[in-house]
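Report on the structure
The primary structure of each chain is shown beneath.
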Amino acid sequence: MTYRLAHYALPLLVGLPLTALADVPRVAVDIPPVHSLVAKVMGDRGSPELFIQPGASPHGYSLRPSEADALDNADLVVWVSNDLTPWLSGPVENLAGDARHLELMRVSDINTFAYREGATFDVADHDHDHDHGHDHAHHHDGQDPHGWMDPDNARRWLDAIAQQLGELDPENADYYRDNAAKGRQALESLEQDIEERLATSESTRFIVFHDAYQYFEKAFDVTAAGAISIGDASSPSPARIEAIQTMVNEEDIHCVFSEPQFNPQIVDAVFGDTDTYIGVMDPLGVDLTPGPELYDALLNQMGDEIQHCTNAM
């Protein structure tokens, strides 16, 4: 297999010998948070290529020619799972059949959960035990693929990414492992910081736009009470809107969070006439600059929003 260097990675590598440039694996990744984790591990050796544009919904997407080329030329493809991007299995097999494939939700010993059912979540199902391999019985549509919201998963993924890169580029395997170790340490510090900031938010109840945050909730002991939309690309039914409105009127719901890539009028239609605090929570980092710092900024951003919600109580 011939390794090709991503063209936009060249500025990062000015000054390296040409022999080093020829050996950098070319990596294609699906969403900005995964791109950030891969970039942490690759460090100064190169940059991964995003084949789903920032701001686009990963649940349904049509590859541009340049993005298809990124897959076609990849030595390693890293993506979350077929549950997040069911449309991707064909392009990965057809365009990147000779590349290595790393499906992150299949990495061993990570935290996994099933989708929650209904517009309103049963608080009793909010399991604060943060053990590996959870498989709740209340299946909605298979495994919830939003596993990057859990920093514990991200730490394990850093190691899996380093292993794949080290096997493709053995001369720099120690470099990738060292970067993964540094990334794990940084995430441990970040997790502790967010835990301390959200220590008073355990009783804060909020509504999210769609059920994408339970990994974050379980990692940091906070509770979403329900979701407006069944999926990030679907409009809620009248019955679902009614169930959410009833919950807000009858229970102690403090906040609702919209998402920047979707129509805010849906949220306004449900909460516009209430005193509920309306914030923005973004699972993909749409407004953040892609790169190694995005993942940490994403978790910080979500922690900030829940803090604002708690302070608004």
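Definitions and limits used
- Residues numbered from 1 in each chain as written.
- Predicted model: local features only at pLDDT ≥ 70, side-chain atom pairs only at ≥ 80, totals over all residues.
- Heavy atoms only, no water.
- Helix = DSSP H or I, 4+ residues; strand = E, 2+ residues; numbered from the N terminus.
- Polar contact = N/O pair within 3.5 Å; in protein donor to acceptor, adjacent residues only side chain to side chain.
- Salt bridge = Lys/Arg side-chain N within 4 Å of Asp/Glu carboxyl O.
- Buried < 20%, exposed > 50% of the residue type's maximum accessible area, 1.4 Å probe, protein only.
- Expected span 1.5 Å × (residues − 1).
- Axes fitted to C-alpha atoms, helices over the stretch in contact; angles between N-to-C directions.
- Parallel < 35°, antiparallel > 145°, perpendicular 65-115°, else oblique.
- Left-handed = near helix turned anticlockwise from the far one by under 90°.
- Contact = heavy atoms within 4.5 Å.
- Nonpolar A, V, L, I, M, F, W, Y, C, P; charged D, E, K, R; others polar.
- Pairing = 2+ DSSP bridges.

Looking at where Lys218 falls in the secondary structure, it is placed in helix 7 (residues 214–220). At 2.9 Å, the side chain of Lys218 and the side chain of Gln214 are in polar contact.

To continue, consider the pattern of salt bridges. In the structure shown here, the tally under the stated rule is 15 salt bridges. Here Glu217 ties to Arg116 by a salt bridge, and the two come within 2.8 Å at their closest N and O atoms. Residue Glu217 is located in helix 7, and its partner Arg116 is located in the loop between strand 5 (113–114) and strand 6 (143–144); the two are separated by 101 residues in the primary sequence. Assigned by exposure class, Glu217 and Arg116 land together as buried. Ionic pairing is found between Glu191 and Arg155, a salt bridge with its closest N-O pair at 2.9 Å.

Attention shifts here to helix 5 (residues 151–168). Taking 1.5 Å per residue, 18 residues should reach 26 Å; helix 5 reaches 26 Å between its end C-alpha atoms and fits that length. Most of helix 5 sits inside the fold, with 14 of its 18 residues counted as buried. Where helix 5 begins, the capping side chain belongs to Asp150, and its oxygen is found 2.8 Å from the backbone nitrogen of Asp152.

Here Glu293 shows up in the loop between strand 10 (277–280) and helix 10 (294–311). C-alpha of Glu293 to C-alpha of Pro33: the two residues are 260 residues apart in sequence and 9.4 Å apart in space.

Taken N-terminus to C-terminus, the directions of helix 2 (residues 32–42) and helix 5 make an angle of 55°; their axes are 9 Å apart at the nearest point. On the basis of their axis angle, the class for helix 2 and helix 5 is oblique. The handedness of the crossing between helix 2 and helix 5 is right-handed. Of the residues in helix 5, those touching helix 2 at Leu37, Val38, Lys40, Val41 and Met42 are Ala154, Trp157, Leu158, Ile161, Ala162 and Leu165. In terms of residue class, the contact of helix 2 with helix 5 is made up of 10 nonpolar, no polar and one charged.

Moving on: the sheet that holds strand 10. Spatial strand order, 8-7-9-10: four strands in an open sheet with parallel pairing. The sheet terminates laterally at strand 8 (223–229) and strand 10, the two strands that pair on one side only. For this sheet the average axis-to-axis angle between neighbouring strands, irrespective of direction, equals 30°. In this sheet, strand 10 lies alongside strand 9 (residues 255–258) in parallel orientation, the contact comprising four bridges.

The phi angle at Asp109 is positive, at roughly 65°, despite the residue not being glycine. For Asp221, which is not glycine, the phi torsion reads 55° and is therefore positive. Along the chain, Asp221 turns up in the loop between helix 7 and strand 8. Given a relative accessible area of 28%, Asp221 falls into the partly exposed group.

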